[in-house]
Amino acid sequence: MELKKSMRGLREVERKIEQVEKNAVEAAQANEGVATDTSCVRTETIASEAQVAKGYVAAVRALLLEDGEPPLKLPGMLIYERAQAIQASLVRCLTKKRASSPPRSGQNFQQT
């Protein structure tokens, strides 16, 4: 139960992703007439990053619904192992992103 409690706030993350997507779409529509290659690439990047974030949110949501199959597959251990795998994947993804793009202000990533 403690593991599941530590993953609360998932809906707040989903709302932030939706807001970022909405802002990107509005910015793209506002710049439609004067769109530059840079703004188009930026909008596409935001959209693809949002899709990746949605995938991670879906993985965590599925993890929270995990029941396991006692006695051999205990739900707590299964949740822990899958949470570790999701976290490792997220860290790899962010490491690759940082290596391939210039630093931006406003990135909010906390590694635990």
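Scroll up a little and you will see the structure.
Residues numbered from 1 in each chain as written. Predicted model: local features only at pLDDT ≥ 70, side-chain atom pairs only at ≥ 80, totals over all residues. Heavy atoms only, no water.

## Overview of the overall build of the protein chain
Link 1 in the chain: Across its full length, the protein chain carries four helices and zero strands.
Link 2 in the chain: The helix and strand sequence of the protein chain, counted from the amino end, reads α-α-α-α.
Link 3 in the chain: Each of the 112 residues in the protein chain was classed as buried or not, and the buried ones make up 16%.
Link 4 in the chain: If you take every contact in the protein chain between residues at least 6 apart in sequence, the share linking residues at least 24 apart comes to 63%.
Link 5 in the chain: For the protein chain, the computed accessible surface area is about 8600 Å², with 57% contributed by carbon and sulfur atoms. (Helix = DSSP H or I, 4+ residues; strand = E, 2+ residues; numbered from the N terminus. Buried < 20%, exposed > 50% of the residue type's maximum accessible area, 1.4 Å probe, protein only. Contact = heavy atoms within 4.5 Å. Areas by Shrake-Rupley, 256 points an atom, 1.4 Å probe, with all protein chains shown as cover.)

## A short note on helix α4 (residues 75-100)
Link 1 in the chain: If you check α4, its first and last C-alpha atoms are 37 Å apart, about what 26 residues at 1.5 Å a residue would give, namely 38 Å.
Link 2 in the chain: Those residues of α4 not exposed but buried are L78, I79, A83 and I86. (Expected span 1.5 Å × (residues − 1).)

## Side note on the nonpolar core
Link 1 in the chain: Ranked by size, the top nonpolar core spans eleven residues in total: M7, L10, I17, A50, Y56, V57, V60, L63, I79, A83 and I86.
Link 2 in the chain: Every element with two or more residues in this core is listed here: α2 (10-30), α3 (37-64) and α4.
Link 3 in the chain: When residues in this core are grouped by element, the largest group, five residues, is from α3.
Link 4 in the chain: In this view, L63 contacts M7, L78, I79, R82, A83 and I86; residues no more than four positions away in its chain are not counted. (Core = buried A, V, L, I, M, F, W, Y, C linked by side-chain atoms within 4.5 Å.)

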